[in-house]
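Residue strings, one per chain:
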Protein chains: 2
Amino acid sequence: MKPSLVKGTRDFGPEQMSKRLFIFDTIRQTFKRFGFLPLETPSMENLSVLTGKYGDEGDQLLFKILNSGDFAANLTEADLQDGSKKLTPKIAEKGLRYDLTVPFARYVVMNRTNLALPFKRYQMQAVWRADRPQKGRYREFYQCDADVVGTDSLLCEAEIVLMIHEVFRNLGVADFTLKINNRKILAGIAEVIGAPGKEGLLSVAIDKLDKIGKEKVLDELRERGFSEESIVKLDPMFELGGQEVLLVINQLKTWLSTSETASQGTRELEQTLQLVDQYGLTDSRVEIDPTLARGLSYYTGAIFEVKANGVSIGSVSGGGRYDNLTGAFGMPGLSGVGISFGVDRIYDVMDELNLFPASAGQGTQVLIVPFDEAARSVALPLLNKLRRADIAAEAYPDLAKVKKMLDYANAKAIPYVILIGSEEVQTGLLSIKNMVTGEQQKISADAVVEHVSK
Amino acid sequence: MKPSLVKGTRDFGPEQMSKRLFIFDTIRQTFKRFGFLPLETPSMENLSVLTGKYGDEGDQLLFKILNSGDFAANLTEADLQDGSKKLTPKIAEKGLRYDLTVPFARYVVMNRTNLALPFKRYQMQAVWRADRPQKGRYREFYQCDADVVGTDSLLCEAEIVLMIHEVFRNLGVADFTLKINNRKILAGIAEVIGAPGKEGLLSVAIDKLDKIGKEKVLDELRERGFSEESIVKLDPMFELGGQEVLLVINQLKTWLSTSETASQGTRELEQTLQLVDQYGLTDSRVEIDPTLARGLSYYTGAIFEVKANGVSIGSVSGGGRYDNLTGAFGMPGLSGVGISFGVDRIYDVMDELNLFPASAGQGTQVLIVPFDEAARSVALPLLNKLRRADIAAEAYPDLAKVKKMLDYANAKAIPYVILIGSEEVQTGLLSIKNMVTGEQQKISADAVVEHVSK
């Protein structure tokens, strides 16, 4: 009879929710200021829409929904022969959204005749993955995505760089690093070291540089079939880290001059950063990381990743340019660029670094405590007046002991309590107690709004 | 290859979403002002939590989620014998949330030691029902609930009456009717006419009064086994409709004076309305409807229902008091009262009556159109400046024909377009076009923020 939560899912109580709403609101306002418009898609999609879009592993991680009605009516023993693989398509047609990108692509294709291109949309919704739950990994979590499709202008990349800075500054996360790369640079490196097309293998190994060090990365490359000659040619790569962006670009230009692909990549990167400069971005957090990959198969141009400094919580945001968002749905050649913010990780960062502003957790501002029925004739109009001034206020509903009511105010972190007894009703002067300082004073009902607003 | 939506689900494009966000924000702000705090629960619950809470029909309408991994590994032919009924529990442990009340009850029980009672929470989330889709009935829709548990004070009922008025007035839905009843009055009527305990049957029949008329209602009651004597005694009921609340209360008192239950119900109703008066509510929309039932089994005291006038869209809000929210989870005796707002129906009402304010659909305010690369040096800092002033702004990312860019602005209903060519770069005077009036004038970059803010 004891109820429990589904593993890997969470309740968000009032305090967490207030903080989460602060994150959602901040991101939404920033998206809006940048001209992105809201979109929401259903939680359920046909499995034909979802399957095959996330690789074999992704297909495994889709939550599937049992068909309604008597779904088993036509099943036979033969359907059980192959275990769940054969059975699933016979009893489940729908699945839960795995990310926001595929539903977005479906939306674009289904609405292509009515969409004004370039189409800038943002989407902030839950996604579900049937992963094994572990610390920091949930089966239901929120993504906040913003994408522009229908243009390959680098202005969009610059806007994303700018928007990332805005989002994190508006959140109060001042100390972050925005790593930026371009798929074409990675491809060019693979070309130049004589391993064309192997940028995927390359990036997987180099990604571990911070953790295992250069020598072990080289060992891994050897294991993965990179020749000694290639590995020697890779040397300039290890000299690039942590330098000023223009220096890195110049070094890349020199090193990769023989690759047309790489040259285009560095040009794109350079132009993007020049555009960012034109906006007048100050205190830029951009670093170039020629090894940054982030699920390479998907991206064709710029690649972005954001990490908060001072905590060891993975990336809090990532994205990039893709050239074929809607190809799987029969609409090829639509180029776009997007960024995704992970609310759950941003929450963890802000919580760990104590970055939530006091206002983020703010609930009720004023608790009114009428001591008896008569006091309600003063309490209730006052309650009404406070709310009209947009001040969150409530009355303690029962006639209880004062201590109990003050405990209630403390438990809800309500900063002001107004006590109304027979004396207050007679004199018209109410006792207002500041629950933070403990101070108590008498003021008229008319002065309350001003008193608690300051 | 053509993608499609799951039947009964919807995409919400930018225009619809902006309007929906207006509804969500308005309800959220009102809830907050009344001291309700946010809660969110997971989309998935264990079926053991959901099953048996919504009656047999409800159990049928639960969306069930296939277990992960090789869920069919241990199935045998015998498991197929009874169709889906026997098979379901072997392959599905989880289901999608069917309403917000049961997950709230589960939350309260699981967190009972840490909750400060009375606990006031609001919750605005999607729910899913495997219903046959039809006009106005969806498989995924949103509920916005606010409940207080842990007190039986009638102040809470009064607060709900007040909050309903606030929500609809803040939304701009001025013309609505809030019907209010009390389960005890209905029970008392059944007593007084000599059919104690039959208030459920009674209300189902009388609910059809508007549609089929008095005579047919009486016929239905005869069919349902009510005696002629009972039916005659019911006569005062039909005289009550549409009268001023105090008159109705007095008539109920006289008619039902022999029933102690009814007297308590009228007393509760009377006190609730007196408290509402004390707040100073003007232009009250409250009507007493002694036949109002709304899924009677659940409610034990007050019952609320709101309909918008001037449209034939069912109820847009409903709720009431219940005495045993958490009993099914082993925590009996917790009394509470709540109200639920149906966003989808509120949307339909506001759309049909054209009640959305212009600001509800407002997206980008300013489109900047740079004619060439050089113009970007003026366009981008201006873009930055507008956004810092909290004005949603974007630049057209490609260098395209002017007509194409103006079409884009029109398609997105952007009210201002700023055109920047070589002349503008030289003189510093930018052309700003009001897309609504067609007016165009020259202003300096410094004057733009003020110009579009007015």
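Residues numbered from 1 in each chain as written. Chains lettered and ligands numbered in written order. Predicted model: local features only at pLDDT ≥ 70, side-chain atom pairs only at ≥ 80, totals over all residues. Heavy atoms only, no water.

Draft legend 1. Molecular detail of the relation of the copies chain A and chain B. Between the two copies, chain A and chain B, the superposition gives an RMSD of 0.1 Å; the rotation angle is 180° and the shift along the axis is 0.0 Å. The transformation just described matches what one would write down for a two-fold rotation axis. If distances are taken from each C-alpha of chain A to the rotation axis, the shortest is found for A:Ile65, at 2.2 Å. (Least-squares fit on C-alpha atoms with pLDDT ≥ 70 in both.)

Draft legend 2. Local environment of the packing of helix 1 (residues 14–33) of chain B against helix 6 (residues 154–171) of chain B. All names here are of chain B. The N-to-C vectors of helix 1 and helix 6 enclose an angle of 145°; their axes lie 9 Å apart at closest approach. Crossing of helix 1 over helix 6 shows right-handed handedness. Along its contact with helix 1, which presents Phe22, Ile23, Thr26, Ile27, Thr30, Phe31 and Arg33, the element helix 6 presents Met163, Glu166, Val167, Asn170 and Leu171. A per-class count over the contact of helix 1 with helix 6 returns seven nonpolar, three polar and two charged. (Axes fitted to C-alpha atoms, helices over the stretch in contact; angles between N-to-C directions. Helix = DSSP H or I, 4+ residues; strand = E, 2+ residues; numbered from the N terminus. Left-handed = near helix turned anticlockwise from the far one by under 90°. Contact = heavy atoms within 4.5 Å. Nonpolar A, V, L, I, M, F, W, Y, C, P; charged D, E, K, R; others polar.)

Draft legend 3. Structural context of helix 9 (residues 209–223) of chain B. For helix 9 of chain B, with 15 residues, the first-to-last C-alpha span of 16 Å runs short of the 21 Å given by 1.5 Å per residue. Within two residues after helix 9 of chain B, B:Gly225 carries a phi angle of roughly 95°, on the positive side. (Expected span 1.5 Å × (residues − 1).)

Draft legend 4. Looking closely at the domain arrangement of chain A. Examined at the domain level, chain A breaks down into domain 1 (14–62 + 98–352) and domain 2 (363–453). Computed from C-alpha coordinates alone, the two centres of domain 1 of chain A and domain 2 of chain A are separated by 50 Å. (Domains from an automatic or database assignment.)

Draft legend 5. Local environment of the pairing of strand 12 (residues 366–370) of chain B. Residue and element names in this part refer to chain B. Within strand 12, five of the five residues are buried, leaving the element largely enclosed by the surrounding structure. Burial along strand 12 is two-sided: the face carrying Val366, Ile368 and Pro370 and the face carrying Leu367 and Val369 are both buried. Pairing of strand 12 with strand 13 (residues 393–395) involves three bridges; the strand directions are parallel. When the sheet's bridge partners are listed, Ile368 is paired in strand 13 with Ala395. In this fold, the crossover linking strand 12 to strand 13 by way of helix 14 (residues 376–388) has right-handed handedness. In the sheet, strand 12 pairs with strand 14 (residues 416–420) via five bridges, with the strands oriented parallel. Bridge pairing in strand 14 links Val366 to Tyr416. (Buried < 20%, exposed > 50% of the residue type's maximum accessible area, 1.4 Å probe, protein only. Pairing = 2+ DSSP bridges. Right-handed = clockwise from strand over helix to strand, strands pointing away.)

Draft legend 6. Representation of the UniProt feature "binding site: L-histidine" (unreviewed entry) in chain A within the structure. All names here are of chain A. Per the UniProt record, "binding site: L-histidine" (unreviewed entry) is found at Asp99, Leu100, Thr101, Arg129, Gln143, Asp147, Arg294, Tyr298 and Tyr299. Non-local contacts of Arg129, meaning those with residues more than four positions away in its chain, are made with Leu61, Phe63, Tyr98, Asp99, Tyr138, Arg139, Phe141 and Gln143. Counting through the fold element by element, Gln143 comes out in strand 6 (residues 140–149). Exposure remark for Gln143: the relative accessible area of 12% places this residue in the buried category. Every residue in contact with Gln143, bar those within four places of it in the chain, is listed here: Asp99, Leu100, Gln123, Met124, Gln125, Val127, Arg129, Ser340 and Phe341. (UniProt positions renumbered as here; feature names shortened; annotations may be inferred.)

Draft legend 7. Structural view of the pattern of salt bridges. Within this structure, the stated rule accounts for 70 salt bridges over all chains. Among the ionic pairs, B:Glu159 bridges to A:Arg387, the shortest N-O distance being 2.7 Å. One end of the pair, B:Glu159, is in helix 6; the other, A:Arg387, is in helix 15 (residues 376–388), on a second chain. In terms of burial, B:Glu159 and A:Arg387 fall into one category: buried. The partner of B:Glu228 in a salt bridge is B:Arg222, and the shortest N-O contact between them spans 2.5 Å. (Salt bridge = Lys/Arg side-chain N within 4 Å of Asp/Glu carboxyl O.)

Draft legend 8. The arrangement of the sheet that holds strand 15 (residues 429–434) of chain A in detail. Residue and element names in this part refer to chain A. Spatially, the five strands line up as an open sheet ordered 13-12-14-15-16, and their pairing is mixed. At either end of the open sheet lies a strand with only one pairing partner, and these are strand 13 (393–395) and strand 16 (440–444). Taken over all neighbouring pairs, the strand axes of this sheet differ in orientation by 25° on average, direction set aside. Here four bridges tie strand 14 (residues 416–420) to strand 15, and the two strands are oriented antiparallel to one another. For Leu419, the partnering residue across the bridge sits in strand 15 and is Ser431. Contacts from helix 16 (residues 402–411) reach strand 12 (366–370), strand 13, strand 14 and strand 15, with the element oriented near 170° to strand 12.

Draft legend 9. Just the environment of B:Ile206, in detail. All names here are of chain B. Relative to the helices and strands, Ile206 resides in helix 8 (residues 199–206). Taking the C-alpha atoms as reference points, Ile206 and Ala293, 87 residues apart in sequence, are found 9.7 Å from one another. Apart from residues lying up to four places away in sequence, Ile206 is in contact with Val217, Leu234, Met237 and Thr291.

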